[in-house]
Amino acid sequence: MEKEKQFLELLNKHKGILYKISRMYEDNEEDQEELRQEIVYHLWSSYGDFQGKSSFSTWMYRVALNTALTQFKKGSKKAKFEVSLNEEAYQLKQEPSNYEEKENQLHHFYKAVQELNKVEKALIFLYLEGMSHREIALQLGITEGNARVKLNRIKDKLQEIIIRNGYE
Amino acid sequence: MDMNKDQFNFEDLKKQWKEQDSTVPLPNDLTNLKKAQTPIDKIRKNIKTELYLMIASVIFLIIVPFLPVYQINGLSELVYYIVLFLLIISALPYYRSFYSYYKHTNNTSYNSYRSISAIYYELKNTIRLYKTINYLLVPYGFILFFIVLSKGRSEKIFQIIMDLPNSFQKENYFYFFALLLVILFTLLAIFLVGLWVNQFYGRHLKELEKILGEFEEENI
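Just so it is clear, the structure is predicted and the values come from calculations on it, not from any experiment.

Counting secondary structure elements, chain A contains 10 helices and 0 strands. Relative to its full complement of 168 residues, chain A shows a buried share of 34%. A separation threshold of at least 6 residues defines the contact pool for chain A, and within that pool the share at least 24 residues apart is 64%.

Following this line, the structure appears as structure tokens:
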């Protein structure tokens, strides 16, 4: 019970990772929730292997991204979390219906990122989280040079998509 | 917001990225946490279910010749038990090797490329094993069911096979036709198993292959 409590506290502290990854990898709320559920399952089931050699967030990035990368579309509805938060308020936040949100770069980014492939999404996510090329390379298991080249291309690709989609 | 008209500013985005509201529903406890099944989990579950079914079937098949209603006697009984024995000893090593990596280690905490490669090869091996088990069991299963359902007539067919040169002359075409039908159905079943496995699990393998390709070095 103590372990579970500790895990849930850490999860709550780093819930931003869950939110951002699920929003980047899935474009609708149902799939986002399914992905978050899958990530939490993998985090909890491998929590025993987490030895604290790296920070919890570094470990969580790895497990969460690996889950997102290997998540296959199932097309079936999954059981929902018993939520402690206000679902309604959360869903309202998800809908970019107001003017401010439409003007927001983040909104354009989340929309554009859906056109990237899974590995490109992982790279841009780690970059936005503030990781260096070396750290990104270590997380993904690629060379530092490959990470740098890919990242530059992804940024160009995103610029093109965003401009094509009418960002001003 | 400071940005040029046609330029998407990644530095600005980074700031917003950090400041965004990341409120997300979390589970209250982990006891009800359900795992969506991965393709490997599904195929393993199938193999496990089939193993239990096979154990139950083998027990039933051992006692079938003792039931007078099926009229399995003489040569039929001998063939029946030989095939049943072959079925058991050929399937055992496969189920054993399946269980040896059934308790696989959780590899989601490797770096991404290593993790996906591990899943890819694990899925590939599981599919291969699954196909092999089915290819093995289908022909044996057909022979056994043929003997059971023929209600004594299978003995005549086995006698014909044992005495092939003479039996041709006696024009037992009906029995040859029945035998040919069994062989054809067996081949069809094997083909369908392969098709079914490829349809349900092969696409996941292709998807993983595609993701692995996305990790490849970019040419500068």
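On we go.
Looking now at the environment of Glu77(B). Residue and element names in this part refer to chain B. With respect to the element layout, Glu77 can be found in helix α3 (residues 74-100). A tally of 16 C-beta atoms within 10 Å means that Glu77 is categorised as partly exposed. Separated by 106 residues in sequence, Glu77 and Ile183 place their C-alpha atoms 20 Å apart. For Glu77, the contacting residues outside a window of four places in its chain are Pro65 and Ile72.

Moving on, we come to the packing of helix α8 (residues 118-128) of chain A against helix α10 (residues 144-164) of chain A. Residue and element names in this part refer to chain A. The interhelical angle for the contact between α8 and α10, taken along N-to-C directions, is 95°, at an axis separation of 10 Å. Overall, the two elements α8 and α10 adopt an arrangement that is roughly perpendicular. Packed against α8, whose contacting residues are Glu120, Leu123, Ile124 and Tyr127, the element α10 presents Ala147, Lys150, Leu151 and Ile154 at the interface. Residue classes in the contact of α8 with α10 are distributed as 6 nonpolar, no polar and 2 charged.

All right, on to the environment of Thr31(B) then. Residue and element names in this part refer to chain B. Mapped onto the secondary structure, Thr31 falls in the loop between α1 (10-19) and α2 (39-63). For Thr31, a count of 7 C-beta atoms within 10 Å translates into the label exposed. In the structure, Thr31 is positioned 21 residues away from Tyr52 in sequence and 28 Å away in space, judged by C-alpha atoms.

A separate point is the nonpolar core. Ranked by internal contacts, the top residues of the largest apolar core, which has 51 residues, are Ile21(A), Ala64(A), Ala122(A) and Leu123(A). With 8 residues, helix α4 (residues 56-69) of chain A is the largest single contributor of residues to this core. Taken domain by domain, this core gets at least three of its residues from each of domain 1 (1-95) and domain 2 (98-168) of chain A. Ignoring anything within four residues of it in the chain, the contact list for Ala64(A) reads Ile17(A), Leu18(A), Ile21(A) and Ile39(A). Listed in part, the 11 residues of the second largest apolar core include Tyr80(B), Leu84(B), Leu144(B) and Val148(B).

It is worth spelling out helix α7 (residues 105-113) of chain A at this point. Looking only at α7(A), the buried set comprises His108(A), Phe109(A), Ala112(A) and Val113(A). Each buried residue of α7(A) sits inside an arc of 125° when the element is viewed along its axis, so together they form one side. At its buried positions, α7(A) is contacted by α2 (15-25), α8 and α10 of chain A together with α1 of chain B.

The rules behind these values
- Residues numbered from 1 in each chain as written.
- Chains lettered and ligands numbered in written order.
- Predicted model: local features only at pLDDT ≥ 70, side-chain atom pairs only at ≥ 80, totals over all residues.
- Helix = DSSP H or I, 4+ residues; strand = E, 2+ residues; numbered from the N terminus.
- Buried ≥ 20, exposed ≤ 12 C-beta atoms within 10 Å, placed from the backbone.
- Contact = placed C-beta atoms within 7 Å.
- Axes fitted to C-alpha atoms, helices over the stretch in contact; angles between N-to-C directions.
- Parallel < 35°, antiparallel > 145°, perpendicular 65-115°, else oblique.
- Nonpolar A, V, L, I, M, F, W, Y, C, P; charged D, E, K, R; others polar.
- Core = buried A, V, L, I, M, F, W, Y, C linked by C-beta atoms within 7 Å.
- Domains from an automatic or database assignment.
- Arc of directions from axis to C-beta.

Nothing here speaks to function; it is all geometry.
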